[in-house]
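Tertiary structure, described
Residue strings, one per chain:
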Amino acid sequence: MSSEVQEFDVVVLGAGAVGENAADRASRTGLSVALVESQLVGGECSYWACMPSKALLRAGDALAAARDAPGAAVTDGVDVAAVLAHRDEVTSHWDDAGQVAWVEGAGLTLLRGQARFTGPRELVVTREDVDTRVVARHAVVVATGSAADVPRAGGLTGVRPWTSREATSAHTVPSRLAVVGGGVVAVEMATAFADLGSAVTVLVRGDRLLPRAEPFAGEALARALTERGVRVAFGASVVEASRDEDGVHLTVEHAAPEGGGAGLEQVDADEVLVATGRRPSTDDLGLEVLGLTPGDALEVDDALQVRGVEGGWLFAVGDVTGRTGTTHQGKYDARVVGDVVAARFDPRAEGTEPGRQVPRGLSRGGEAAAGPWSRYRATADAAAVPQVVFTRPQVAWVGRTEEEARRDGLDVAVLGYDLGSLAAASVTGEHYEGRVQVVVDRARDVLVGATFVGPDVADMLHAATVAVVGEVPLDRLWHAVPSYPTLSEVWLRLLESDGR
């Protein structure tokens, strides 16, 4: 084993989409930045999450929309081989050469290997038994993401279960797929594999799908999945699991079967996908030398600085903080932390590079005096987070649900409207169905949350996000005239339902 020492102004652990953005942003005032990655540059989103999952879902969505369009003659179904080939192209066949070229072109240094802290601002990066000592002069940003969390109960760990990685990278479609969980990964993969021809059973421990969304959203999705032949079982817990040459066999306990009381059932499948949650990837970072607990999320403030570490040098972004679980929100945090680091440790303030041009508005004094909703504080993480679930129908929401708003002590009004009643729905599809529900803070007369359910509603979400973040008064929002005939007309109808 050999060793060398490399020094950088900033070291970013994790070269996924979040880490890449943090590193790029931090380097803009001339700081030298290293990206450390032990797997593929580009991370989970590029190879095992956002991109491949949407590629698997796209053909089924397009086919369903075409079949519902009056006059469209569609007879063929989904071409499984073509869908999987398209997924492979989207993931660059799990080759990160293109992402590496971007990193190098951005002026960043890529260090391959597993990083562990050995002290404040000091790490060792190990690759193939070669250790490289790395010193960060100013800051370290942890962006190592999260990993699927397979519960030990029920014996699931012993049957070689799929996680989201195996599901999104599968090269064969199982005849029977059991999905354990009711969150985003569970329902998206249930939709995708049903489209690809699997007989899918979804086992949900709770009493609804998408428990973090408005209840009506999960109910609509459960109906849609059931209508397409997916079995959705609520109150279902796996208590035993085994695998043999015939597949996976799950003993499932139902809390309240039709006959009343608890009951057991055997569910047989070729593969089982466990999608019951994720945990922050902090187990093997050597956090104990910093007084932090390996395996725990890194608690941060709105500047994304890790709490409980002296010196103001350690930051964290993305899934690893427990604040956010989506790529887009993680990239938002990355832009914030990049600006914080670039401003706090601006080399021109040290007198080293007086001729370097600084990005507009970036300054050490501005960061020091920053408050909420500035470029230096991740304020949107608190109550303005957007989420899209690419099922059929799509589910999209931003901000607080009604329950969350009431729990926060707000005096709220809830406005709802059926998208199928709009003129745009009649020309979009013969059976177009959907619903929008918004939550209004009566004291301020502004939107604090919105939920959309229906075909292609993902593209409607950003208008609601702007309204929530901008705290646009409803009387002013009334003057934002929606084009006709588009589904955005729902904004007018919602306001009219409130007497405006």
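Details of the structure are given in the entry above.
Every value quoted in this text rests on a predicted model; they were computed, and no experiment measured them.

Here is what the cut-offs are and how they apply
Residues numbered from 1 in each chain as written. Predicted model: local features only at pLDDT ≥ 70, side-chain atom pairs only at ≥ 80, totals over all residues. Heavy atoms only, no water. Pairing = 2+ DSSP bridges. Helix = DSSP H or I, 4+ residues; strand = E, 2+ residues; numbered from the N terminus. Axes fitted to C-alpha atoms, helices over the stretch in contact; angles between N-to-C directions. Parallel < 35°, antiparallel > 145°, perpendicular 65-115°, else oblique. Left-handed = near helix turned anticlockwise from the far one by under 90°. Contact = heavy atoms within 4.5 Å. Nonpolar A, V, L, I, M, F, W, Y, C, P; charged D, E, K, R; others polar. Phe/Tyr/Trp six-rings, centres within 6.5 Å; stacked < 30°, edge-to-face > 60°. Buried < 20%, exposed > 50% of the residue type's maximum accessible area, 1.4 Å probe, protein only. Lys NZ or Arg CZ within 6 Å of the ring centre and 35° of its normal.

What to know about the sheet that holds strand β12 (residues 247-254)
Read from one edge of the open sheet, 3 strands run β11-β12-β13, paired in antiparallel fashion. Strand pairing shows two members of the sheet lacking a second neighbour, β11 (236-244) and β13 (263-269), which therefore form its edges. The sheet shows a mean angle of 20° between the axes of neighbouring strands, taken without regard to direction. As paired strands, β12 and β13 are joined by 7 bridges and run antiparallel to one another. Each residue of the ladder has a partner; that of V252, found in β13, is E265.

Regarding the packing of helix α3 (residues 50-68) against helix α4 (residues 80-90)
One way to put it is that α3 packs onto α4 with a least axis distance of 9 Å and a crossing angle of 150°. By the criterion of interaxial angle, the relationship of α3 to α4 is roughly antiparallel. The way α3 lies across α4 gives a crossing that is right-handed. In this structure, α3 uses M51, P52, A55, L56 and A59 to contact α4, whose residues at the interface are V83, L84, H86, R87 and V90. The residue makeup of the contact of α3 with α4, split by class, is 8 nonpolar, 1 polar and 1 charged.

Let's talk about the packing of aromatic side chains
Scanning all chains against the criterion turns up 4 aromatic pairs. Ring geometry for W162 against F193: centres 5.6 Å apart, planes inclined by 50°, an arrangement best described as tilted. With W162 in the loop between β7 (146-148) and α6 (164-168) and F193 in helix α7 (residues 184-195), this residue pair connects regions lying 31 residues apart in the sequence. Note on accessibility: W162 and F193 belong to one class, buried. Directly above the ring of Y376 sits R375, whose terminal nitrogen or CZ lies 6.0 Å from the centroid.

The analysis is restricted to geometry; functional conclusions fall outside its scope.
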